[in-house]
Amino acid sequence: MNLSIAITAMVNHTEASSQPNSSTEQPSVDSQGYWNETLQEAKAPVYEWSPEIQGVLLSSLNYGSFLALIPTGYVAGIFGAKYVVGFGLFVSSVLTLFLPLAADVGVALLIVFRVIQGIAQVMVLTGQYSIWVKWAPPLERSQLTTIAGSGSMLGTFIVLLAGGLLCQTIGWPYIFYIFGGIGCACCLLWFPLVYNDPGSHPFISTSEKRFIVCSLAQQDCSPGWSLPIKAMIKSLPLWAIIVSYFCEYWLFNIIMAYTPTYISSVLQASPKDSGILSALPFAVGCICIVLGGLLADFLLSRKILRLIIIRKVFTAIGVFFSCMFLVPLPWVRSSQSATIAFLVLSAASSSFCESGALVNFLDIAPRYAGFLKGLLQVFAHIAGAISPTVTGVFISQNSEIGWRNVFLVAAVIDIVGLVFYLIFAQAEVQDWAKEQALTHF
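Conventions used here
Residues numbered from 1 in each chain as written. Predicted model: local features only at pLDDT ≥ 70, side-chain atom pairs only at ≥ 80, totals over all residues. Heavy atoms only, no water. Helix = DSSP H or I, 4+ residues; strand = E, 2+ residues; numbered from the N terminus. Buried < 20%, exposed > 50% of the residue type's maximum accessible area, 1.4 Å probe, protein only. Contact = heavy atoms within 4.5 Å. Areas by Shrake-Rupley, 256 points an atom, 1.4 Å probe, with all protein chains shown as cover. pLDDT = per-residue confidence, 0-100. Core = buried A, V, L, I, M, F, W, Y, C linked by side-chain atoms within 4.5 Å. Salt bridge = Lys/Arg side-chain N within 4 Å of Asp/Glu carboxyl O. Phe/Tyr/Trp six-rings, centres within 6.5 Å; stacked < 30°, edge-to-face > 60°. Expected span 1.5 Å × (residues − 1). Bend = angle between axes of the 7 residues up to and from the residue. Disulfide = S-S within 2.5 Å. Polar contact = N/O pair within 3.5 Å; in protein donor to acceptor, adjacent residues only side chain to side chain.

A.B. asks: Sorry, what's going on with the overall build of the protein here?
C.D. replies: Helix and strand counts for the protein come out as 17 helices and zero strands. The buried share of the protein, reckoned over its 441 residues, is 53%. Within the protein, contacts between residues at least 6 apart in sequence are counted, and of these 85% link residues at least 24 apart. Put simply, the protein shows about 18,200 Å² of open surface, and 68% of that area lies on carbon and sulfur atoms.

A.B. asks: Whenever I open this one, the confidence of the model for the protein confuses me. Can you help?
C.D. replies: Low pLDDT means the predicted coordinates in that region are not meant to be read closely. This prediction gives the protein a mean pLDDT of 83; 87% of its residues lie at or above 70. Ranking the elements of the protein by mean pLDDT puts helix 2 (residues 29-41) last with 48 and helix 13 (residues 307-326) first with 95. Confidence drops under pLDDT 50 across residues 14-32; counting only partners more than four residues distant or on other chains, this segment forms 34 contacts.

A.B. asks: I tried to follow the nonpolar core on my own but got confused; where do I start?
C.D. replies: Counting 92 residues, the largest nonpolar core has Trp49, Trp172, Phe361, Leu372 and Trp432 as the members making the most contacts within it. When residues no more than four places from it in sequence are discounted, the contact partners of Trp172 are Ala6, Ala9, Met10, Ala44, Pro45, Tyr47, Pro100, Ala103, Leu166 and Cys167. Residues Ile131, Trp135, Ala136 and Ile204 belong to the second largest nonpolar core, which totals 10 residues.

A.B. asks: Looking at this structure, I do not really get the pattern of salt bridges. What am I missing?
C.D. replies: Inspection of every chain in the model, using the stated rule, returns three salt bridges. A salt bridge links Arg404 to Glu400, with the shortest nitrogen-to-oxygen separation between them at 3.7 Å. Placement of both Arg404 and Glu400 in helix 17 (residues 399-424) is noted, with a separation of four residues, approximately one turn of the helix.

A.B. asks: Please explain unusual backbone geometry as it appears in this structure.
C.D. replies: For residues that are not glycine, phi is negative in most cases, and the peptide bond is trans in most cases. Unlike most non-glycine residues, Gln268 shows phi in positive territory, near 50°. Along the chain, Gln268 falls in the loop between helix 11 (236-266) and helix 12 (271-301). A positive phi angle, close to 55°, is found at Lys303, a residue other than glycine. Mapping Lys303 onto the fold places it in the loop between helix 12 and helix 13.

A.B. asks: Where do I start with the packing of aromatic side chains in this structure?
C.D. replies: By convention here, two paired aromatic rings are described through the distance between centres and the angle between planes. For the structure on display, the rule yields 17 aromatic pairs. Aromatic pair Phe246 and Trp250: ring centres 6.0 Å apart, planes at 50°, arrangement tilted. Placement of the pair is Phe246 and Trp250 together in helix 11, with a separation of four residues, close to one helical turn. Centroid distance Trp403 to Phe407: 6.0 Å. Interplanar angle 20°. Geometry classified as stacked. Here Trp403 pairs with Phe407, and both are found in helix 17, just four residues apart, close to one helical turn.

A.B. asks: Honestly, helix 12 in this entry has me stumped. Any pointers?
C.D. replies: Residues that lie three or four places apart on an α-helix share one face, since the helix turns once every 3.6 residues. With 31 residues, helix 12 should cover 45 Å at 1.5 Å per step; its first-to-last C-alpha distance of 45 Å lies within 8% of that length. A maximum bend of about 25° is found in helix 12 at Leu280, where proline Pro281 lies one to four positions downstream. Lys303 sits one or two residues past helix 12 and shows a positive phi near 55°.

A.B. asks: Teacher, can you tell me more about the environment of Leu57 here?
C.D. replies: Residue placement: Leu57 occurs in helix 3 (residues 51-59). Since its relative accessible area comes to 0%, Leu57 is described here as buried. Taking C-alpha positions, Leu57 is 9.9 Å from Gly392, a pair spaced 335 residues apart along the chain.

A.B. asks: In this structure, what is going on with the state of the cysteines? I would like to understand it.
C.D. replies: What we call a disulfide is simply a covalent bond connecting the sulfur atoms of a pair of cysteines. Under the definition given, this model contains zero disulfides. Unpaired in terms of disulfides, Cys288 finds its nearest cysteine sulfur in Cys286, a separation of 9.3 Å. Accessibility expressed as a relative area gives 16% for Cys288, which makes it buried.

A.B. asks: Explain the environment of Ser65 here, please?
C.D. replies: For Ser65, the position within the fold is in the loop between helix 3 and helix 4 (66-79). In this structure Ser65 touches Gly118, Ile119, Val122 and His381, once residues within four positions along its chain are discounted.

A.B. asks: Is there a simple way to explain the environment of Thr315 in this structure?
C.D. replies: You can see Thr315 is positioned in helix 13. In the structure, Thr315 is positioned 43 residues away from Leu358 in sequence and 8.4 Å away in space, judged by C-alpha atoms. Dropping the residues within four chain positions of it, Thr315 is found in contact with Ser244, Glu248, Cys353, Gly356, Ala357, Leu418 and Tyr421. A distance of 2.7 Å separates the side chain of Thr315 from the backbone oxygen of Arg311, its partner in a polar contact.

A.B. asks: Quick question: what am I supposed to make of helix 11 here?
C.D. replies: Under the 1.5 Å per step criterion, the end-to-end length of helix 11 is 42 Å for 31 residues, consistent within 8% with the ideal 45 Å. Along its length, helix 11 shows its largest kink, about 55°, at Tyr258, and proline Pro260 lies within four residues downstream of that point. Counting buried positions along helix 11 yields 25 of 31 residues, so the element is predominantly enclosed. At the exit of helix 11 stands Gln268, carrying a positive phi of roughly 50°.

A.B. asks: Which parts of the structure should I look at to understand the side chain of Thr261?
C.D. replies: Here Thr261 lies in helix 11. On the accessibility criterion, Thr261 (7% relative accessible area) is buried. If near-sequence neighbours (up to four positions away) are discounted, Thr261 is found in contact with Ser4, Ile7, Thr8 and Val266.

Structure representation (structure tokens):
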């Protein structure tokens, strides 16, 4: 997210044309030129990047990620995720510190840095699920994974909120210096405090350790060296999750990458205001992710709904309502308040997917959680590599019609994924994910 907010200040918007149907809520193009002058006074370089180049830069984080996803998940499951996640966090944080230098050298080097950074970040994202399989009791799994997942939204909120202010005061490079430094500091906490399983943790109480171990006793979560690849390929419940990941992340990556740009260009907000307004949907999303996880576990623990019904209902709510609020955005662009309200409501709705399809792989195959998370992230990153690039192409041709097409296409893809998931999804541990499974590749 560092680049998503920084790019609003890195690119020269002086020549931006006034938007049709703009209201008095929006600043004039002259104001946009004033903000560019302010940034230049802060001695922050400004680049002449076209919308297509911006789309490539924003999506480049996903270009090389396919290479590390499955191996990372598999290695983390076999050898433990502590060092895999810690190493990925360290590499990503160090590269963040050097992104301003890479941008000054040229677009090509910046893309290379972003690709490597993306590979490092998937090590963090994928490896952590191998930890949750050994730490999260089944009845608390939705709650714990969504609380952890909300950290991504919280981090995005902080980066956008502080990033816009940094852009307009001391310059956009300090976004990378400050948050890269924070990432390096987090590594100093990760290695001494995190352990792969409760049995090796020296600080937790004996009763807590016994509770976690006993709750997982009936669950086979010890990955073997062999993988039931053929059975996985034939598994429709797994394909339902894969399709859902691709479709939901298509829209999610657009929102993550382009919310600051949309607010800056369409509403013509200053970098500071763009950061604040962009942060609001992610703040609400962070809260709703946690609440969704609590609600899912409550419904399951009280036996109000079966697990598969919870997964499908939460996914349907997340997909349908997020699309319902995003598609009308181009028609309310004349109102800043309506635009932000729709973005906030969309983020609140989509957060329910975190307790739905996005965590369903832990239900059907906890034994292979690390591997499957890597596999699923392959499709998520394929969507992430394509959707911001396509968005850049759309808006480069015609801004108003382009944004309309972006949201319509994303909504159609998301709804198709939802229908496929509702038909084929399951929540029972699959035969191929049990210890006695004999079909191996």
